[in-house]
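The primary structure of each chain is shown beneath.
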Amino acid sequence: TFHPHPDFRSAALWYNSLRYNRICNEQTYDIQQIGGHRLKIIIEEKASREDEDTIIVRCASLNESILKLLQKLKAGDELITCTQNGTIARIRPDDVYYFESVDNKTFLYTEKEVYEIRQKLYEIENSYAGLDFFRCSKSIIVNLSKIRFLSPVLGSRLEATLFNDENIMISRQYVAALKVLLNI
């Protein structure tokens, strides 16, 4: 059984805390980034609201961890438009547990609700590349940050138990890529 390391979601947790906590003057944070890279973050509150908000990334090389963080910042407050019983809804990508394709329709699953979306799985995969979404079978893309634990299953597959207690199978052709991604 695999339990994600607490640092696995450190970039996402840091980003979410920025959105809700007011940072005054200048503060420096040292966080452990995915893959063991250290990341120092300096936040300065600007003197004038007229100045444009600026993010400067200073790094030796643009590694996967930094690219993932930049993708999260770029996605920002982007919402996914979907429908449920004829009603249009807008869902944050962070609230999505997984996407599933059934009978040429694509569904978005949150903790307790199911919505239909117009995009195909390959479009979703391209739109959210660099975020926590992972293609785990021909018909499912799962949000890795919603996985509570992974268990091996007969046939070289894995079963992912999500935080809402749903179970999703990870097909054997995707298991190796997932293990590399999670460093297991």
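Provided above is the structure to which this section pertains.
Here's a quick rundown of the structure. (Residues numbered from 1 in each chain as written. Predicted model: local features only at pLDDT ≥ 70, side-chain atom pairs only at ≥ 80, totals over all residues. Heavy atoms only, no water.)

**Notes on the sheet that holds strand β12 (residues 167-170)**
Read across the sheet, three strands follow the order β10-β11-β12 without closing on themselves; strand pairing throughout is antiparallel. Here the strands that pair on one side only, and so sit at the sheet edges, are β10 (147-153) and β12. Averaged over all pairs of adjacent strands, the angle between strand axes in this sheet comes to 25 degrees, irrespective of strand direction. Bridge analysis of β10 against strand β11 (residues 157-162) gives six bridges, and the strand direction is antiparallel. Considered in β11, the bridge of serine 151 is made with glutamate 159. (Pairing = 2+ DSSP bridges. Helix = DSSP H or I, 4+ residues; strand = E, 2+ residues; numbered from the N terminus. Axes fitted to C-alpha atoms, helices over the stretch in contact; angles between N-to-C directions.)

**Thoughts on the pattern of salt bridges**
Applying the stated criterion across every chain yields a total of three salt bridges. Of the charged contacts, one joins aspartate 94 and arginine 92 as a salt bridge, the two residues approaching to 3.3 Å between their closest N and O atoms. A salt bridge links arginine 148 to aspartate 165, with the nearest nitrogen and oxygen atoms 2.7 Å apart. With a gap of 17 residues between them, arginine 148 in strand β10 and aspartate 165 in the loop between β11 and β12 connect regions that are remote in the sequence. A relative accessible area of 29% means that arginine 148 is categorised as partly exposed. (Salt bridge = Lys/Arg side-chain N within 4 Å of Asp/Glu carboxyl O. Buried < 20%, exposed > 50% of the residue type's maximum accessible area, 1.4 Å probe, protein only.)

**Quick notes on the packing of aromatic side chains**
Note on aromatic pairs: each is described by the distance of the centres and the angle between the planes. Counted according to the given criterion, the structure contains three aromatic pairs. A centroid spacing of 5.5 Å and a plane angle of 50 degrees characterise the contact between phenylalanine 99 and phenylalanine 133, whose relative ring orientation is tilted. Taken together, the residues span a long stretch of sequence, with phenylalanine 99 in strand β5 (residues 98-102) and phenylalanine 133 in strand β8 (residues 133-137) at a distance of 34 residues. Looking at phenylalanine 99, the relative accessible area reads 0%, which means it is buried. With relative accessibility at 15%, the residue phenylalanine 133 sits in the buried group. When the centroid spacing of 5.6 Å and the interplanar angle of 55 degrees are considered together, the rings of tyrosine 128 and phenylalanine 133 count as tilted. (Phe/Tyr/Trp six-rings, centres within 6.5 Å; stacked < 30°, edge-to-face > 60°.)

Shape descriptors only; they carry no functional weight alone.
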